[in-house]
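Descriptive structure summary
Take a look at the letters that make up each chain.
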Amino acid sequence: MHNTSSRLEQWMKQGNVTISQLFFTHYRALQITDQEAMVVLHIVAFQQDGIGFPTPNEISNRMEISDQQVSSILQRLMQRGFLFIDQSKKDNMVEETYTLFQLWERLIDHLEQQEQANQTNSSEQQIGDLFRVFEEEFGRVFTPLEYETISKWIDEDGHSVEVIRQALLEAVLAEKKSLKYMDRILFEWKKKNLTTLDAIRKHSEGFHKYTVKTTPPVKTTSKMPFYNWLEERE
């Protein structure tokens, strides 16, 4: 939580985060009601005007609810850890101020979790698309063991989806459509520290032992010509 606080403070100082806008967009995800959200936004507005501790009556005057209802909402927000009261001394007087920083922390936590979930879904979509490309190219449904082999390339060997797609293209161009052949290609690339399509392309262009095929059967954005990566070993 400390890292979240530090990051939020930095973003706010740099003007990169408009808290009111973020809150207005995502407060329902925190199970905050519309009335509770309006009270929060009014507190923010009062504080921007230099009033750190507006009374329930002052807030209710800006809304169509009674000050008793505002008091109940303030109590609920405090019970749920969204709202706190800070006390400080000034000229021997105790001043109270509402603080919403814990609410902003919860908001940032929610946004980060949402972003991670989106990234996970995107990754799963890419892997699902990869499996479909393999089955389309091989012309059959893959077995669980074959799925496991492809997953191992990603999870254990650390190959990206785009690199695996390129290895499939290489196998197709070499007319050796087999996972064993692709595994050897991927092994060679990893041994040579070729982890991106650009690195693979530059390496293959350093040699002249390839045959250009202008219409590769595998759907890919790469136009890299075929190069026999295993020629040195075969």
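Residue positions are given per chain, counting from 1 as you read along its sequence in written order. Under the rules for a predicted model, residues below a pLDDT of 70 receive no local features and side-chain atom pairs below 80 are neither given nor counted, while totals for whole chains, interfaces and linings still include all residues. With hydrogens and water excluded, all non-hydrogen atoms of the structure serve as input to the side-chain values.

Overview of the environment of Ile-150
So the rule is basically this: Secondary structure elements follow DSSP: runs of H or I no shorter than four residues count as helices, runs of E no shorter than two count as strands, and numbering proceeds from the N terminus.
Along the polypeptide, Ile-150 turns up in helix α7 (residues 144-155). Each C-alpha atom of the pair Ile-150 and Leu-179 lies 8.2 Å from the other, and the pair is 29 residues apart in sequence.

Focus on helix α8 (residues 161-173)
To be explicit about the condition: In a helix, the anticipated span is given by 1.5 Å times the number of residues less one. Burial here depends on accessible area, computed with a 1.4 Å probe over protein chains only, as a share of the maximum for the residue type. Under 20% is buried, over 50% is exposed, and the range in between is partly exposed.
The end-to-end C-alpha distance of α8 is 18 Å, a good match for the 18 Å that 13 residues give at a rise of 1.5 Å each. Most of α8 sits out of view: 11 of its 13 residues are buried. If you check which residues of α8 are buried, you get Val-161, Val-163, Ile-164, Gln-166, Ala-167, Leu-168, Leu-169, Glu-170, Ala-171, Val-172 and Leu-173. One or two positions beyond α8, positive phi appears at Glu-175, with a value near 60°.

Here's the deal with helix α3 (residues 34-48)
One full turn of an α-helix is made of 3.6 residues, so residues set three or four places apart face in the same direction. Relative to the 21 Å expected for 15 residues at 1.5 Å per residue, α3 spans 21 Å between its end C-alpha atoms, a close match to the ideal helical length. By the burial criterion, the buried members of α3 are Glu-36, Ala-37, Val-39, Val-40, Leu-41, His-42, Ile-43, Val-44 and Phe-46. Gly-50 lies just past α3 and shows a positive phi near 90°.

Quick look at the packing of aromatic side chains
Note the following rule: For Phe, Tyr and Trp, where Trp contributes only its six-membered ring, two rings pair if their centres lie within 6.5 Å, and the inter-plane angle classes them as stacked under 30 degrees, edge-to-face over 60, or tilted in between.
Scanning the entire structure with this criterion turns up 10 aromatic pairs. Each ring, one from Phe-134 and one from Trp-153, has its centre 6.4 Å from the other, and the planes form 45°; the classification is tilted. On the criterion of sequence distance, the pair formed by Phe-134 in helix α6 (residues 101-138) and Trp-153 in helix α7 is long-range, its members being 19 residues apart. An identical accessibility class is assigned to Phe-134 and Trp-153; each is buried. Ring pairs connect the aromatic residues Phe-131, Phe-134, Phe-138, Phe-142, Tyr-147 and Trp-153, which therefore count as one cluster.

Considering the nonpolar core
The cut-off we apply is this: What we call a nonpolar core is a set of buried Ala, Val, Leu, Ile, Met, Phe, Trp, Tyr and Cys residues that are connected through their side-chain atoms within 4.5 Å.
Counting residues in hydrophobic clusters, the biggest one holds 28 residues, and the most contacted among them are Phe-23, Ile-32, Val-39, Ile-43, Leu-100, Leu-103 and Trp-104. Only α2 (19-26), α3, α5 (67-79) and α6 provide two or more residues apiece to this core. No other element matches the 7 residues that α3 contributes to this core. Listed in part, the 26 residues of the second largest apolar core include Phe-142, Ile-154, Met-182 and Leu-194.

A word on the pairing of strand β1 (residues 84-90)
Condition: Two strands pair under a simple rule: DSSP has to find at least two bridges between them.
In this structure, β1 lies alongside strand β2 (residues 93-99), joined through 7 bridges in antiparallel fashion. Bridging across to β2, Lys-90 finds its partner in Met-93. As consecutive antiparallel partners, β1 and β2 are separated by 2 residues, and within that stretch Asp-91 has a phi angle of approximately 55°, a positive value.

Quick look at the environment of Ile-200
Position of Ile-200 among the secondary structure elements: in helix α10 (residues 197-205). When the C-alpha atoms of Ile-200 and Trp-189 are compared, they prove to be 7.5 Å apart, with 11 residues separating the residues in sequence.

What to know about the side chain of Glu-146
For clarity, the cut-off: Residue contacts are defined here by distance: any two heavy atoms, one from each residue, within 4.5 Å place the two residues in contact.
Looking at where Glu-146 falls in the secondary structure, it is placed in helix α7. The class of Glu-146 is buried, set by a relative accessible area of 15%. Apart from the residues within four sequence positions on either side, Glu-146 is in contact with Arg-140 and Leu-179.

Some details on the confidence of the model for the chain
To keep it simple, the criterion reads: How sure the predictor is of each residue is captured by pLDDT, a score from 0 to 100.
Within the chain, residue pLDDT values average 82, and 80% of them lie at 70 or more. Taken as a whole, residues 208-217 scores under 50 in pLDDT and shows 16 contacts with residues more than four places along the chain or in a different chain. Below a pLDDT of 50 lies the segment residues 220-225, which in the model reaches 12 contacts outside its immediate sequence neighbourhood of four places, other chains included.

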